[in-house]
Each structure stands twice: as structure tokens, then as C-alpha cells.
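# Descriptive structure summary
Each chain is listed here by its residues.
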Amino acid sequence: MIKPDAVEAGHIGAILEKINASGFKIVAMKLTQLSQRDAETFYAVHKERPFFGELVEFMTRGPIVAAVLEKENAVEDFRTLIGATNPADAAEGTIRKMYAKSVGENAVHGSDSDENAEIESNFHFAGREQF
Ligand code: CMP
């Protein structure tokens, strides 16, 4: 996902360009907005965390881009491309270093495993109402 902060700031094009230049194939993509229920469902694993309310509020405040990317070793390579969750810790040249504002407003989300990539792809493209 390209998150609301990066969409608001006009970074969709630059981020997609970096994704393409890094060898990812975009196999599905849409501009959409998450409802409160969508965001709570997507981030359910974090529901006990102190930042959960803030995360849901942020993720619902404006449009996001949801995309499914394909590449050998996609999960790991995408996480390298986006950089650390906190942009202060992200390596030079990573998407979060370039475009993220803070640990909360961190520009992009990448799946953390093949299994979660499938769940998250289905969430966005097989119909969120099933979740
Ligand atoms: P993401 O990779 O989308 O997965 C969970 C998100 O929770 C993470 O990116 C951050 O946007 C958010 N997050 C993680 N830690 C914090 C924190 N300490 N404060 C606010 N948001 C956080």
C-alpha cells in the first residue's frame, strides 16, 4: 500500500517508478479508501498496541493505493526497497527514507511474509467484505 500521507503529498508516481525500477511487476493496483472497519481488520494483529487507534485514524484519513507486486523473492526485496518502519532508521535511497514523515506516517506498507501477502492481496482484491 501507498499510505494516505504519501498519496496526499503527491508521491504516488515517484514511488511507483522506484518499484518498477527495482524489478517488480505490478499485477493489480487501485486507488481506494479504507473504512474504519477495513483498517481495523487489516491491522488486527496490532490491536493491542498503544498506537492502534492512531494507526486506524491515519490509514482511513484519505485515499491509499493498494497493489499486488510480483518478483522473485518479492517480500524480502520489497522490504529492503521500502526501508525500516521508522524512517529515522531507514537506509539512504529507500522509499521510507525519501518519503516517510514518521514511524506512524511511513508512506508505504509491505507484507511481511508470502502467507500474509496472499491474505492482504485477497483483502484488497477479492473483496474486503469477506474479512
Ligand atoms: P506497517 O508496515 O504498515 O505495519 C504496522 C504499522 O504500524 C507500521 O507500518 C507503522 O505505520 C505503524 N506503527 C508501528 N509502530 C508505531 C508506533 N510506535 N507509533 C505509531 N505507529 C506505529
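Below you will find a few notes about this structure. (Residues numbered from 1 in each chain as written. Predicted model: local features only at pLDDT ≥ 70, side-chain atom pairs only at ≥ 80, totals over all residues. Heavy atoms only, no water.)

## A closer look at the site of the ligand
Convention followed: Near is defined per residue: the residue qualifies when any heavy atom it owns lies within 4 Å of the molecule or strand. Throughout this description, a polar contact denotes any pair of N or O atoms lying within 3.5 Å of each other; where both atoms belong to protein, one of them has to be capable of donating a hydrogen while the other can accept it, and for residues adjacent in sequence the pair is counted only when both atoms sit in side chains. In short, Shrake-Rupley with a 1.4 Å probe defines the accessible areas, and a residue's cover is counted only from the protein chains shown.
Around the ligand, the structure places Lys3, Tyr43, His46, Phe51, Glu54, Leu55, Thr85, Arg96, Val103, Gly104, Asn106 and His109. Within the contact set of the ligand, an oxygen atom lies 2.7 Å away from a side-chain nitrogen or oxygen of lysine 3. Contact between the ligand and asparagine 106: an oxygen atom at 3.2 Å from a side-chain N or O atom of the residue. For the ligand, the protein covers 80% of the area, taking 460 Å² as the surface of the free molecule.

## Looking at helix H4 (residues 52-59)
Our working rule: Each residue is assigned to one of three classes by its accessible area relative to the maximum for its type, calculated with a 1.4 Å probe on protein chains only: buried under 20%, partly exposed between the two thresholds, exposed over 50%. Going along the chain from the N terminus, every DSSP run of H or I of four or more residues is numbered as a helix, and every run of E of two or more is numbered as a strand. Throughout, the arc means the angular range of directions from the helix axis out to the C-beta atoms. Contacts were defined at the residue level, with two residues in contact if any of their heavy atoms lie within 4.5 Å.
The set of residues buried in H4 consists of Phe52, Leu55, Val56, Phe58 and Met59. The buried residues of H4 occupy one face: seen down the axis, they fall within an arc of 165°. Residues of H4 that are exposed and point more than 90 degrees away from the buried face comprise Glu54 and Glu57. Residues of H4 that are buried sit in contact with helix H1 (4-8), helix H3 (36-42) and strand E2 (64-70).

## Observations regarding the environment of leucine 55
One can find leucine 55 in helix H4. Those residues in contact with leucine 55 that sit more than four places away from it in its chain are Tyr43 and His46.

## Comments concerning the nonpolar core
What counts is decided by this rule: Side-chain atoms within 4.5 Å are what join buried Ala, Val, Leu, Ile, Met, Phe, Trp, Tyr and Cys residues into a set we call a nonpolar core.
Ile2, Ile15, Ile19 and Ile95 are the most contacted members of the largest nonpolar core, which has 17 residues in total. Put simply, the parts of the chain that give this core at least two residues each are H1, helix H2 (12-21), helix H5 (74-82) and helix H6 (95-99). Here the element with the most residues in this core is H5; it accounts for four residues. Once residues lying within four places of it in the same chain are set aside, the contact partners of isoleucine 19 are Phe24, Leu69, Phe78, Leu81 and Ile95. Counting 13 residues, the second-largest nonpolar core is a separate cluster that includes Met1, Phe42, Val56 and Phe123.

By themselves, these figures tell us nothing about what the structure is for.
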